[in-house]
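# Coordinate analysis (summary)
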Amino acid sequence: MALGALVWGAPEVTGSGESLVESLLLGQSGTLFLVTLLATRLLTTVGSYGTGLPGGIFAPLLALGTLVGVIFDQGVAELAPGLGLGPGLFAVAAMGALFAATVRAPLTGVILVIELTGALDLGLPVLLTCLIATFTAEALGGRPIYCLLLAQGHQAPPLL
């Protein structure tokens, strides 16, 4: 019931996040709004998997990564406005990094993000963030999401 209210009142909090990612890469939103949106989307994504409701992990991961990247980008722009970095750099890199760390597939994350965004010129930053995120997740002792789901007896979850 609460999810139904969210779908109606705040559609950007639910769903795959494709339109959200596009709007984030094109426009400027307030940091407080983005942090609130990130927290809410994280709760709905985790809640969906925690309750066993079907709903992919692929697209929500990309949306969460984009939100983190945009928030980070706004912080960097505030602290060092003269750097002149492209607005999508951190969003695209964080999108790939979160996917790579969660699934433990850094090269898949790089190819996926570059293919989805068309940001071939960001290949090196995306590759570096995906590798760092994967190694960090491994060092922290986490397991890939699909291994965890299979260990709990779930069938392979839908990607979208």
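Up top you'll find the structure we're talking about.
Conventions we followed
- Sequence positions are assigned chain by chain, starting from 1 and proceeding in written order.
- Confidence filtering applies because this is a predicted model: local features only for residues at pLDDT of at least 70, side-chain atom pairs given and counted only at 80 or more, and all residues used for totals across whole chains, interfaces and linings.
- Here the side-chain values reflect all heavy atoms present in the structure, with hydrogen atoms and water set aside.
- Helical segments are the DSSP runs of H or I of at least four residues, strand segments are the runs of E of at least two, and each set is numbered from the N terminus.
- Burial classification: accessible surface area is computed with a 1.4 Å probe over protein chains only, and a residue below 20% of its type maximum counts as buried, one above 50% as exposed, and the rest as partly exposed.
- Any two residues having at least one pair of non-hydrogen atoms within 4.5 Å are treated as being in contact.
- Throughout this description, the term salt bridge denotes a Lys or Arg side-chain nitrogen within 4 Å of a carboxyl oxygen of Asp or Glu.
- Without a salt bridge and with relative accessible area above 30%, a residue can belong to a patch; like charges are then joined within 9 Å and nonpolar side chains (Val, Leu, Ile, Met, Phe, Trp, Tyr) within 5 Å.
- Methods summary: accessible areas were calculated by the Shrake-Rupley approach with a probe of 1.4 Å, and residue burial reflects only the protein chains presented.
- Working definition: rings of Phe, Tyr and Trp (its six-membered ring) pair if their centres are within 6.5 Å, and the pair is stacked with planes under 30 degrees apart, edge-to-face with planes over 60 apart, and tilted otherwise.
- We define the nonpolar core as a collection of buried residues of types Ala, Val, Leu, Ile, Met, Phe, Trp, Tyr and Cys that are connected through side-chain atoms lying within 4.5 Å of one another.

## Here we look at the overall build of the chain
- Scanning the chain from terminus to terminus reveals eight helices and zero strands.
- Ordered by position from N to C terminus, the α and β elements of the chain give α-α-α-α-α-α-α-α.
- Taken over 160 residues, the chain has a buried fraction of 42%.
- When contacts within the chain are restricted to residue pairs at least 6 apart in sequence, those whose partners lie at least 24 apart make up 69%.

## Overview of the pattern of salt bridges
- The final tally for this structure, using the stated rule, is one salt bridge.
- For E138, the salt bridge goes to R104, with nearest N and O atoms at 2.8 Å. A residue pair is termed long-range when its members are at least 10 positions apart, and E138 in helix 7 (residues 123-139) and R104 in the loop between helix 5 (89-103) and helix 6 (106-117) qualify at 34 residues.
- Accessibility expressed as a relative area gives 46% for E138, which makes it partly exposed.

## With respect to a nonpolar patch on the surface
- On the surface, a nonpolar cluster with roughly 310 Å² of combined accessible area is contributed by L124, L128 and I132.
- Its location among the elements puts L124 in helix 7.

## A few points about the packing of aromatic side chains
- Tallied over the entire structure, the rule returns one aromatic pair.
- Between F72 and F90, the ring centres sit 4.9 Å apart and the planes meet at 75°, which makes this aromatic pair edge-to-face. Of the two residues, F72 sits in helix 4 (residues 58-79) while F90 sits in helix 5, which places them 18 residues apart along the sequence.
- Relative accessible area serves as the criterion here: at 48%, F72 is assigned to the partly exposed category.

## A short note on the nonpolar core
- Judged by nonpolar contacts, the single largest core of 24 residues is most densely connected at F58, L62, F99, V103, V113, L122 and V126.
- For this core, the elements supplying multiple residues, two or more each, are helix 4, helix 5, helix 6 and helix 7.
- With seven residues, helix 5 is the largest single contributor of residues to this core.
- Non-local contacts of F99, meaning those with residues more than four positions away in its chain, are made with F58, L61, L62, R104, A105, T108, G109 and L112.
- If you look at the next biggest cluster of nonpolar residues, it comprises eight residues, including L37, L64, L67 and A91.

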